[in-house]
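What follows is the residue order along each chain.
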Amino acid sequence: MNTQQIIQKVKSLNLPEGSYVVFGSCPLALAGIREASDVDMLVNDEVHDMLRHAGWREVDKGNDDRPLTHDVFDVHTNWDFSSYSPTLEQLLSTATIAEGVPFASLDEVRKWKVASGRAKDLQDIELIDSYLSR
């Protein structure tokens, strides 16, 4: 997905301002680094409960990663599945806003990917570093 597709999908949820931030690979799409395959979001408890009641399903992805999922979305109330677990407030304080949608900063995404250390994260770290060194 490109930035416009991500923004359209997120806006379709009609979530209250300050209740969520787009995280994962979507900030890389926003920067034009690469497209995203899904939309990872960190949300507050109220949004999480609302989505659960709307029929979104929890999926166990291992390593304490149990997002609510629906369509292209993986929604979390915490990011506690690596040694770096930023809060919603922390991510919002440095977020980049695009058409009213808050995206986590590349610095925050990089910190999380370094802590996770998966092969796909290492590739993204290289892409982020190359982008930031321009």
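In this report, the structure presented in the accompanying data block is examined. Not measured: the values here are computed from a predicted model.

1. Remarks on the nonpolar core
As a rule of thumb, soluble globular proteins bury nonpolar side chains together. Ile6, Val10, Val22, Val39, Met41 and Phe73 are the most contacted members of the largest nonpolar core, which has 24 residues in total. With 16 residues, the next largest nonpolar core counts Ile33, Phe81, Leu88 and Ala95 among its residues.

2. Description of the packing of aromatic side chains
Counting across every chain of the model gives 4 aromatic pairs. The interplanar angle of 55° and the centroid separation of 6.2 Å between the aromatic rings of phenylalanine 23 and tryptophan 112 together place this pair among those described as tilted. With phenylalanine 23 in strand E1 (residues 20-23) and tryptophan 112 in helix H5 (residues 106-116), the pair connects residues that are 89 residues apart, well separated along the chain. Side by side, phenylalanine 23 and tryptophan 112 carry an identical accessibility label, which is buried. Taken together, Phe23, Trp79 and Trp112 form an aromatic cluster joined through their ring pairs.

Criteria and cut-off values
Residues numbered from 1 in each chain as written. Predicted model: local features only at pLDDT ≥ 70, side-chain atom pairs only at ≥ 80, totals over all residues. Heavy atoms only, no water. Core = buried A, V, L, I, M, F, W, Y, C linked by side-chain atoms within 4.5 Å. Buried < 20%, exposed > 50% of the residue type's maximum accessible area, 1.4 Å probe, protein only. Phe/Tyr/Trp six-rings, centres within 6.5 Å; stacked < 30°, edge-to-face > 60°. Helix = DSSP H or I, 4+ residues; strand = E, 2+ residues; numbered from the N terminus.

The quantities given are spatial measurements derived from coordinates; they are silent on function.
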